[in-house]
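Fold and contact review
Here's the letter readout for the chains.
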Amino acid sequence: MRVLAAMSGGVDSAVAAALAVDAGHDVTGVHLALSPDRQALRSGARGCCSVEDAHDARRVADELGIPFYVWDLAERFTEDVVDDFVAEYAAGRTPNPCLRCNERIKFSAVLDRARALGFDAVVTGHHARLADGELRRSVDAAKDQSYVLGVLTAEQLSAAAFPLGGMTKDRVREIAAERGFGVAAKPDSHDICFIPDGDTRGFLARRLGSRRGPVVDAATGATVGEHEGTYGFTVGQRRGLGVTAGDSRPRYVLGIEPVSRTVTIGTADLAGVCCVVTAAPTWTGTAPALPFRAEVQLRAHGTPVPCEVTGDDAGGLRILLDEDQRGVAAGQSAVLYAPDPLRGDLVLGQAAVRSATATRG
Amino acid sequence: MTYSDPVYLDHAATTPMLPEVLAAMTGQLGRVGNASSLHASGRAARRAAEQARERLAEALGARPSEVLFTGGGTESDNLAVKGLFWARRAADSRRRRIVVSPAEHHAVLDSVEWLAKHEGAEVTWLPVEPSGRVTPAALAEALGDGSDVAVASVMWANNEIGAVSDVAALAAVAHDVGVPFHTDAVQAVGQVLVDFGASGVDALTMTGHKLGGPMGAGVLLLRRDAECTPLLHGGGQERDVRSGTLDVAAIVGLAVAAAAAVDGRVERAAELARLRDRLVAGVVAQVPDAQLNGPALDDVVRSGPGRLPGNAHLSFPGAEGDALLMLLDAKGIECSTGSACSAGVARPSHVLLAVGADPERARSSLRFSLGHTSTDADVDALLAVIAPVVERARRAGTGRR
């Protein structure tokens, strides 16, 4: 097969490319330049796609003896991921930009271009298993990235390969060290690549400016404080609310209403939800017949919760959680899994959360 | 990879070293001696370096004392632009203006922009003809009475689209108003007639590795009466304008390469032009909407070629230069999109934008450059694959909305 290896400059994609070469494929490495104003050097363990990261990727490609190019996707990334991220927050929702990037950049813009240029598949260093069109969790539960891949369709998955899903991250680093890759001990990237300092609230404040509004206590309806913008909050958030309640019980963000810019907070007993309503789902294979039992994961690194999935009149899903959950924010993806301890939980599909309520009505 | 010998059509980036250069350099590399030392080993090194200087001066119509060895074209451009600017401004603080073409190599452009940002320089950008050429009339108008101009710089031949300017006429215009004139002749030497003395320019940049010499060795030809403030301070080895221990082996190689390039220029230029014309005609026959950038193939300036004989620069509407390059590379054919930043991200060529091309056209371009090892078989190899490559790249689109 002619495969395109997306190489971020990190250890995972380096080893993924190496394994693709070992498997006998005709591999070409591509580094995606996603930021319009790239930094020369990485700052700490955060962020990616600095010039230094491109250099790291190129070093590995040169050692593997494969062609290597940099593709400039900054314009697409800005529109489809960064602007989307800002717009979602402005609308009171909590997006996952990694998932959006997989959906619209890596397995859309890049995959389309790769196919047009004669490649059969795109290889990435994601930690997830993919075989026979079935997407499953990585054997390394702590590094599993199936959540951010849950948005991919069968069609997208048919041209994807994730060689690392069957091994632990430690093993990935071992392989890199055995091969003498300089990135073997490179720190994992964390957080959001286009916010290298990790200050999401500051990033959004620069983009959206000050948008003051009230903080309202759900129990009393009283305004208990003021905030600089609803984008500084996410449902379920406990810290940094900037209000002191009358009692010592912790308060959580229960809801965000972007038009009136109201952030509603309340005590833990009000923060749990059990019914999640979503937008139209996407499926990794054939759509399962409704209703069905599954596990749902509501955010990256969240704990999966057993649930019952039914449809609603608007083409979305209604997901009834067996146990109440806190911090289910609109905009997040509800990724559905069929538990399979033996072969890895199977990703069925996902749907964006529209709303979540505490009643099972 | 399935191919063993790539088809190399990127001689403007760098060209294979000549066997006689390799021999001359290896002869030197095993010897000890700092050309500044006073003992016998030093004298031997000095002798080799000075012979090279004389040989190079003769090849380029300069006096040996006008040859300053540098670390390459980029250093020579930096030294000329910054050094002439500083010296001229020091002599008269009103001289803060730099008159320069926007189609220059980045070594000139970025030096100028640095001076504007840090040294209070004002930049007057010269208008560039659609061919890529700067006319004497345009330079004269930009210079005005010249009293506030520190330096003017226009390249002898453009590295991307091959446009040759009438440098002697430009230098004369600058001198009419008392302004020193620098030219980057990195691509011109060995392809067109470059005679430093006859051209009248004050400073000329050239480099070895475009001629079959080593990388990291270049020259700034600087007239004896030109005041130039140093960039590198130290031992003052090169006329007190450039410091650093002379790299004798590289200098010897550079001189051998320059002499060979100049001696064989007429025959080689004719052969390169023949191959280049075949290449362009063959590509256009298969991809009829391909567009040639730069001067016409038979263009003439000052009774010599108006376009570098080894240069073909073509746009393929609807295809991305990046994609074309990758597909050709996969078939063992090596060329260039002309302009890449340090991270390897393709940008629309500033040269094409300067000559009035729209960004789409600029992004859809490839440069094929021929050199001393080029053959008909190289052209045949390109012509055997160009049509399907362009078709596939067009299917991949431009990646933009």
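Residues numbered from 1 in each chain as written. Chains lettered and ligands numbered in written order. Predicted model: local features only at pLDDT ≥ 70, side-chain atom pairs only at ≥ 80, totals over all residues.

**Description of the overall build of chain A**
Each helix and strand counted, chain A has nine helices and 18 strands in total. Radius of gyration (C-alpha) of chain A: 21 Å, near the 21 Å computed for a compact globule of 361 residues. Taken along the three principal axes of its C-alpha coordinates, chain A extends 65 × 45 × 35 Å. When each of the 361 residues of chain A is scored for burial, the buried share is 47%. (Helix = DSSP H or I, 4+ residues; strand = E, 2+ residues; numbered from the N terminus. Rg over C-alpha atoms; globule rule 2.2 N^0.38 Å. Buried ≥ 20, exposed ≤ 12 C-beta atoms within 10 Å, placed from the backbone.)

**Some words on the overall build of chain B**
For chain B, the count of helices and strands is 13 helices and 14 strands. In terms of C-alpha radius of gyration, chain B reaches 21 Å, essentially the compact-globule figure of 21 Å for 401 residues. Each of the 401 residues in chain B was classed as buried or not, and the buried ones make up 54%. Look at the contacts in chain B between residues 6 or more apart in sequence, and 75% of them connect residues 24 or more apart. (Contact = placed C-beta atoms within 7 Å.)

**A closer look at helix 2 (residues 40-60) of chain B**
All names here are of chain B. In this model, helix 2 (21 residues) spans 30 Å end to end at C-alpha, consistent with the 30 Å of a helix rising 1.5 Å per residue. Buried residues of helix 2: A45, A48, A49, A52, R53, L56, A57, A59 and L60, and no others. Contact partners of the buried residues in helix 2: helix 1 (19-29), strand 2 (67-70), helix 7 (196-199), strand 8 (218-222) and helix 8 (248-263). (Expected span 1.5 Å × (residues − 1).)

**Things to note about the sheet that holds strand 9 (residues 223-227) of chain A**
All names here are of chain A. The sheet built from four strands is open, its strands ordered 9-8-11-10 with mixed pairing. The sheet terminates laterally at strand 9 and strand 10 (251-257), the two strands that pair on one side only. Going from strand to strand, the sheet's axes swing by 30° on average, the running direction of each strand aside. Where strand 8 (residues 213-217) and strand 9 come together, four bridges link them in antiparallel fashion. (Pairing = 2+ DSSP bridges. Axes fitted to C-alpha atoms, helices over the stretch in contact; angles between N-to-C directions.)

**Thoughts on the domain arrangement of chain A**
Residue and element names in this part refer to chain A. Taken domain by domain, chain A consists of domain 1 (2-178), domain 2 (210-271) and domain 3 (273-357). Taking only C-alpha atoms, the centre of domain 1 and the centre of domain 3 are 25 Å apart. Each partner contributes to the interface: domain 1 provides 23 residues, whereas domain 3 provides 18 residues. Contributing elements (two or more residues each) for the side of domain 1 that touches domain 3: strand 6 (134-137), helix 5 (146-149) and helix 6 (154-157). Classifying every residue of the side of domain 1 that touches domain 3 by side-chain character gives 10 nonpolar, seven polar and six charged. (Domains from an automatic or database assignment. Nonpolar A, V, L, I, M, F, W, Y, C, P; charged D, E, K, R; others polar.)

**A few points about the packing of helix 3 (residues 74-90) of chain A against helix 4 (residues 97-116) of chain A**
All names here are of chain A. At a closest axis distance of 9 Å, the pairing of helix 3 and helix 4 adopts a crossing angle of 160°. Taken together, the axes of helix 3 and helix 4 are roughly antiparallel relative to one another. Considering only the axes of helix 3 and helix 4, their crossing is right-handed. Taken together, the residues of helix 4 that come into contact with helix 3 (itself represented by R76, F77, D80, V81, D84 and F85) are P97, R100, C101, R104, I105 and A109. Its residues placed into classes, the contact of helix 3 with helix 4 shows seven nonpolar, no polar and five charged. (Parallel < 35°, antiparallel > 145°, perpendicular 65-115°, else oblique. Left-handed = near helix turned anticlockwise from the far one by under 90°.)

**A word on the sheet that holds strand 3 (residues 97-100) of chain B**
Residues and elements named next belong to chain B. Strand order in the open sheet formed by seven strands is 2-8-7-6-5-3-4, and the pairing between neighbours is mixed. Each of the sheet's edge strands pairs with one partner strand only, and the pair in question is strand 2 and strand 4 (122-125). Across the sheet, the mean angle from the axis of one strand to that of its neighbour is 20°, orientation sign disregarded.

**Regarding the environment of I161 of chain B**
Residue and element names in this part refer to chain B. Residue position: I161 is located in the loop between strand 5 (149-153) and helix 6 (167-176). Taking the C-beta count within 10 Å as the criterion, I161 has 28 such neighbours and is therefore assigned buried. Placed 155 residues apart in sequence, I161 and F316 show a C-alpha to C-alpha distance of 15 Å. Those residues in contact with I161 that sit more than four places away from it in its chain are G132, N293, G294, H313 and V351.

**Let's talk about the environment of H182 of chain B**
All names here are of chain B. By the secondary structure assignment, H182 is in strand 6 (residues 181-184). What makes H182 buried here is the crowd of 33 C-beta atoms within 10 Å. Sequence spacing of H182 and G356 is 174 residues, and the spatial spacing of their C-alpha atoms is 24 Å. When near neighbours in sequence (up to four residues on either side) are disregarded, H182 contacts A80, V81, L84, V151, S153, V201, D202 and A203.

**Some remarks on the domain arrangement of chain B**
As a measure of interface size, the accessible area lost when the parts come together is often cited. All names here are of chain B. With domains assigned, chain B is organised as domain 1 (7-16 + 265-396) and domain 2 (19-262). Centre-to-centre, using C-alpha coordinates, domain 1 lies 27 Å away from domain 2. Sorting the residues of the side of domain 1 that touches domain 2 by element identifies helix 9 (265-286), strand 11 (304-305), strand 12 (311-315) and helix 11 (350-354) as the ones contributing at least two each. Top contributing element to the side of domain 1 that touches domain 2 by residue count: helix 11, with three residues. Each residue belonging to the side of domain 1 that touches domain 2 can be placed in one class, and the counts come to 11 nonpolar, 14 polar and five charged.

**Some thoughts on the packing of helix 3 of chain A against helix 8 (residues 200-208) of chain A**
Residue and element names in this part refer to chain A. As a packed pair, helix 3 and helix 8 sit with axes 11 Å apart at the nearest point and diverge in direction by 90°. The angle between helix 3 and helix 8 falls in the class roughly perpendicular. Where helix 3 abuts helix 8, its residues V86, Y89 and A90 lie against L204, R207 and L208. Of the residues belonging to the contact of helix 3 with helix 8, the class tally is five nonpolar, no polar and one charged.

**Points about the interface of chain B and chain A**
Listed as interface residues are 17 residues of chain B and, on the opposing side, 13 residues of chain A. For the side of chain B that touches chain A, the secondary structure elements donating two or more residues are helix 10 (321-330) and helix 13 (376-396) of chain B. Ranked by residue count, the leading element in the side of chain B that touches chain A is helix 10 of chain B, at six residues. For the side of chain B that touches chain A, the residue count by class is eight nonpolar, four polar and five charged.

**Some details on the environment of R276 of chain B**
Residues and elements named next belong to chain B. Topologically, R276 is positioned in helix 9. R276 sits in the buried class, given 23 other C-beta atoms within 10 Å. With residues up to four places along the chain from it excluded, the contact list for R276 reads P309, G310, N311, A312 and L370.

**Notes on the nonpolar core**
With 131 residues, the main nonpolar core has A5, A14 and A17 of chain A together with L324 of chain B as its most contacted residues. With residues up to four places along the chain from it excluded, the contact list for A5 of chain A reads S13, A16, A17, A20, V27, T28, G29, V30 and V123 of chain A. One finds W86, V173, A226 and V248 of chain B within the second-largest nonpolar core, a separate group that totals 97 residues. (Core = buried A, V, L, I, M, F, W, Y, C linked by C-beta atoms within 7 Å.)

**What about the pairing of strand 17 (residues 333-338) of chain A?**
Residues and elements named next belong to chain A. Burial analysis of strand 17 places five of its six residues in the buried class, the great majority of the element. Direction of pairing for strand 14 (residues 292-297) relative to strand 17: antiparallel, over a ladder of three bridges. When the sheet's bridge partners are listed, V296 is paired in strand 17 with L336. As paired elements, strand 17 and strand 18 (residues 346-357) share six bridges and run antiparallel to each other. Within strand 18, the residue paired with S333 across the bridge is A352.

**Comments concerning helix 1 of chain B**
All names here are of chain B. Among the residues of helix 1, V21, A24, M25 and Q28 are the ones counted as buried. Summarising the axial view, the buried residues of helix 1 lie within an arc of 95°, below the 170-degree limit, and thus occupy one face. Exposed and facing more than 90 degrees away from the buried side of helix 1 are P19, A23 and T26. In this structure, the buried side of helix 1 is in contact with helix 2 and helix 8. (Arc of directions from axis to C-beta.)

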